[in-house]
Amino acid sequence: MIYFSELKGKKVVTEDMIQVGILEDLIFSASENPSITKIVVKNKDDIRLTIPVVFLSKINNYIYLKKDFRTTNLAEDELFILKNILDKQIIDLQGNKVVRVNDIAIQNKGGFYIAGVDIGVLGLLRWFKLEKTFRKISSKINFKPVSQFLSWADIQPLELVHGQVKLKKEEQRLEKMRPEDLADYLEKTNLTSVKKILNILDEKFAANVVGNLNVNYQSSLFKLFTPDKAARIIASIDPDDAVDLLLILTEKKRNQVLNYLSEKKYKELMHLMRLSNTPIGNLILPEFIAVYSDDLVGEILKKIRKGTTDFSFLQHVYVVNKQNELIGVANLHELIMQSFQTPIYRFMIQNVVVVHLTTPGEIALKKILKYKLSALPVINNDKQIVGLVTIVDLINAFNKG
Amino acid sequence: MRFLWNKYKFLFLSFFSVFGPATISAIADNDAAGVATFTLVGAKFGYSILFVLLFVTILLAVTQEMGVRIAVVTGKGLGDFIRERYGVRTALLVFLLLSIANLGSIVANFSALKAVAGMFNFPAFLLIILIIGFAFLIISKGGYHTNQRVFLLAALFYFSYIFSAFRSNPNWGQALVSLISPGQLQFSQEFIFASIAVLGTTITPWGQFFVNSFMVDKKIQLDKLRFAQIETYFGSFLANFFSFFMVVATAATLYKHGINLVSGEQAAIAIAPFAGQFAGFLFAFGLVNSAIMGIIVISLTTAYAFSEFFGFEGSLDAPFEKGKLFYGIFLFQLVIASVIVMLPFISLFQIVLYTQSVNAILLPLIFFYLLKITNNRSLMGKYVNNKWQNYLAICSSGIIIVSAIFVIFGLLFKL
């Protein structure tokens, strides 16, 4: 994650270090998927260049553009971050003032889009480059500043055109959430409302949400679903996840569901299921380190030095929320590259590839190879991390037999 | 008569539905610091300083009208615009300056209360606690209209200055003539500084913010803009009408007998030998009233500004639960200011000096934003400044900015 306050005013150069100007604004599509499409660069003659993000090569101390970049114009339905959202008043449905937009959080891992708006004090301090100082001081007095954040799913993008940052109605908001976020949200409500909400969603999307729910919820939901509905959901999610899901069900229910699948899908899933005789349990390595999302890099490094001296394997730091549910991961390289005062949620990867306790070893192996990872976290029914499976252990286990 | 009433009933009612905010904020400009300044200059220069009053009235009317127009046309406050158009950094800077200056002004008002309490052997501590309690109660519990009524009642008490002026047997003819001609006055450096002081106490950053925010909070419809403008001019006139009597009361007594005041609060005691105990008492009463009004209005200004700059609910009509921050900031300032004023080692003179300099830095900034907004057609539509309004506004702002610079230089070089 990166903040607009950190991008604004950054020098923009081409890959061969020819200065273009400074970043003034970002342009995004005013829709449910607010991907950033163009950047506005002010050159030294005060002329504003609009450059599509495809020419953006990387962002670190400078913003690098490809050598042959071209400029373009504003398209329809496109808005500016600086002009249209930043500093604007956020109002709720009744028109009450809530707060102002202090900063914009931009997701730059797996896409380049607006994740949400920062409405907290930290967002204000960031404009004065005081965030780190503030964190340093507050960590001395044992106080943890929490960042206050409003997800894009909460905002009505069409209202932005009218200069209003308006919050959404609850139901409206759910439909526009990312499946992972919606799953997190649903886990906090009860089963009947989960079912109600899943019913109004588009089937493909609903399947995606179900795939992201924790195992307890999945199994209870599948008890409620009719076999054909369950089959449709099974068919539309990733086969590896589908097998994971099927294995949770009772044998009777599983067979019912399998009957409703298409021939091809049935064969594919059955093949995977047959592989699943090896339980993953005896491959789990219980050595891992988990930290909270607002822990600072400095604290985490200290924790690693102190708590992991006898570890045989350490590649990742796992991030959990206050309920100890796994919500992110960062590898050691990323950790070392950051300054001590950065909280880990700023750079962790949120979409963690996980395996369940019930996941067959073969599926775990497939996943680890597919995503080119060195280890996968194993989570229990409550999304809590119980250990790791490493690629070496997985390969060893299946090489023998 | 009945015929006239029927004919103009609608106009009258419309006017009275709008009436309030601009008058209140203009009169609040005569807070304890304002009263102190007028009595000091009255005692020092006599009727001749009245010459400045006419200018000040026009300047006040022109500048307040811009704030009122912005509020009615856009429904937004100055703070909203500064934040939205100039970003967080500017907004925070302006807010910090404003809250520091406002805190200083509140301290000045509290210290006037303390001085008056001392004169009448009333425990100052108790008086201050009572006032904070009263202020917080009406602001947090009362809605907009309750508060407006309380403020207008306080404005009525300004008539006490008129009574004390009459008691002091002034030369009315000379006083009135002085309004248009300065008479035998020579434009000394001291006179210029006194004029600037009069200007600076009437046209204040908090006054500009307050008239605008208070108008926004009233949510006046655009079709009543005309009435709001008339009210603004009336309010400016009324405020300086009262100032006139403050000057007259001291000019007729202290100036005439060559008594120089060290502080404005002393006036209540100093005029008693010449105008009688009752006039002195009325003057003291007026001063307490001015101080309370100043304390509430200035503190409310910071609270309004805070909610505009940072986007929190900020309306007198907001229930306590929703406007917690708004009411909290209001109370917080009063408490801090009262603690400062009670500390024995703090020099009030220094505080007033710093407040003046911060105000002098802020005023040009505020006029810059006011002019920018009132000339922006996309915001104001057909209500942008016309050519003459602009000339007048720029001239007024120019005079105020020049005098602000004077103040800063004066403070820097200890003239």
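Residues numbered from 1 in each chain as written. Chains lettered and ligands numbered in written order. Predicted model: local features only at pLDDT ≥ 70, side-chain atom pairs only at ≥ 80, totals over all residues. Heavy atoms only, no water.

Identification of chain B as Mn transporter is taken from an unreviewed UniProt entry. UniProt annotates chain B under Subcellular location (unreviewed entry) with the comment "Membrane". (UniProt positions renumbered as here; feature names shortened; annotations may be inferred.)

Chain A is annotated in an unreviewed UniProt entry as CBS domain-containing protein.

(A) Region of the structure containing the overall build of chain B. A count of helices and strands for chain B gives 19 helices and 0 strands. Compactness check: chain B gives a C-alpha radius of gyration of 21 Å against a globular reference of 22 Å for 415 residues, within 12% of the reference. In terms of its C-alpha atoms, chain B occupies a principal-axis envelope of roughly 55 × 55 × 50 Å. Out of the 415 residues in chain B, the part that is buried amounts to 59%. (Helix = DSSP H or I, 4+ residues; strand = E, 2+ residues; numbered from the N terminus. Rg over C-alpha atoms; globule rule 2.2 N^0.38 Å. Buried < 20%, exposed > 50% of the residue type's maximum accessible area, 1.4 Å probe, protein only.)

(B) Fine view of the overall build of chain A. Helix and strand content of chain A: 18 helices and 20 strands. Taking 401 residues into account, the globule formula puts the C-alpha radius of gyration at 21 Å, and chain A, at 23 Å, falls close to it. Viewed in the frame of its principal axes, chain A has a C-alpha envelope of about 70 × 50 × 50 Å. Looking at chain A residue by residue over its 401 residues, the buried ones come to 51%. Considering only contacts in chain A between residues 6 or more positions apart, those separated by 24 or more positions represent 57%. Of the roughly 19800 Å² of accessible surface on chain A, a fraction of 53% belongs to carbon and sulfur atoms. (Contact = heavy atoms within 4.5 Å. Areas by Shrake-Rupley, 256 points an atom, 1.4 Å probe, with all protein chains shown as cover.)

(C) Representation of the confidence of the model for chain B within the structure. The pLDDT averaged across chain B works out to 88; a share of 98% of its residues lies at or above 70. Under the prediction, the complex receives an ipTM of 0.78, its pTM being 0.79. (pLDDT = per-residue confidence, 0-100.)

(D) Examining the sheet that holds strand 9 (residues 89-91) of chain A more closely. In space, the 3 strands of this open sheet follow the order 10-9-14 (chain A), with mixed pairing throughout. Because the sheet does not close on itself, it has two edges, and the strands there are strand 10 (97-100) and strand 14 (165-166) of chain A. Relative to the sheet, helix 5 (residues 78-119) of chain B contacts strand 9 and strand 10 of chain A, its axis offset from that of strand 10 of chain A by approximately 40 degrees. (Pairing = 2+ DSSP bridges. Axes fitted to C-alpha atoms, helices over the stretch in contact; angles between N-to-C directions.)

(E) Seen up close, a nonpolar patch on the surface. All names here are of chain B. A surface patch of nonpolar side chains, amounting to about 1100 Å² of accessible area, comprises Phe120, Phe122, Leu126, Leu130, Leu153, Leu156, Phe157, Phe159, Phe163, Phe278, Phe281 and Phe285. Take the nonpolar patch: its biggest share by element is 3 residues, from helix 15 (residues 277-310). Among the secondary structure elements, phenylalanine 281 is positioned in helix 15. (Patch = residues over 30% accessible without salt bridge, like charges linked within 9 Å, V, L, I, M, F, W, Y side chains within 5 Å. Salt bridge = Lys/Arg side-chain N within 4 Å of Asp/Glu carboxyl O.)

(F) Spatial organisation of the pattern of salt bridges. Tallying each qualifying case throughout the model produces 22 salt bridges over all chains. Measuring nitrogen to oxygen at the nearest pair gives 3.4 Å for the salt bridge that ties A:Arg232 to A:Asp228. With A:Arg232 and A:Asp228 both in helix 11 (residues 227-236) and 4 residues apart, the pair spans about one turn of that helix. We classify A:Asp228 as partly exposed; its relative accessible area is 30%. Close ionic contact of B:Glu84 with B:Lys76 constitutes a salt bridge, the shortest N to O distance being 2.9 Å. By relative accessible area, B:Lys76 is classed as partly exposed at 29%.

(G) Quick peek at the interface of chain B and chain A. Taken together, the 14 residues of chain B in the interface contact 13 residues of chain A. Interface area for chain B against chain A, summed over the two sides, is near 1400 Å², with a carbon-plus-sulfur share of 48%. In terms of surface lost to chain A, no three residues of chain B exceed B:Arg83, B:Glu84 and B:Arg89, which account for 38% of the buried area on that side. Applying the counting criterion to the chain B and chain A interface returns 3 salt bridges. Measuring nitrogen to oxygen at the nearest pair gives 2.9 Å for the salt bridge that ties A:Arg100 to B:Glu84. At the junction of chain B and chain A, the tally comes to 12 residue pairs in polar contact (both at pLDDT 80 or more). (Buried area = accessible area lost by both parts, 1.4 Å probe. Polar contact = N/O pair within 3.5 Å; in protein donor to acceptor, adjacent residues only side chain to side chain.)

(H) Quick look at the confidence of the model for chain A. On average, residues of chain A score 82 in pLDDT, and 95% of them reach the 70 mark or higher. Within chain A, helix 6 (residues 170-175) of chain A has the poorest average pLDDT of any element, 60, and strand 16 (residues 316-320) of chain A the best, 93.

(I) Layout of the packing of aromatic side chains. Across all of its chains, the model carries 41 aromatic pairs over all chains by this definition. Relative to A:Trp152, the ring of A:Phe28 has its centre 5.7 Å away and its plane inclined at 85 degrees; by these criteria the two rings are edge-to-face. In this pair, A:Phe28 is assigned in strand 3 (residues 19-29) and A:Trp152 in the loop between strand 13 (149-151) and helix 5 (157-160), connecting sequence segments 124 residues apart. Accessibility classification places A:Phe28 together with A:Trp152 in one group, the buried group. Their ring planes at 50 degrees and their centres at 5.1 Å tell us that B:Phe306 and B:Phe310 sit as a pair that is tilted. Placement of both B:Phe306 and B:Phe310 in helix 15 is noted, with a separation of 4 residues, approximately one turn of the helix. (Phe/Tyr/Trp six-rings, centres within 6.5 Å; stacked < 30°, edge-to-face > 60°.)

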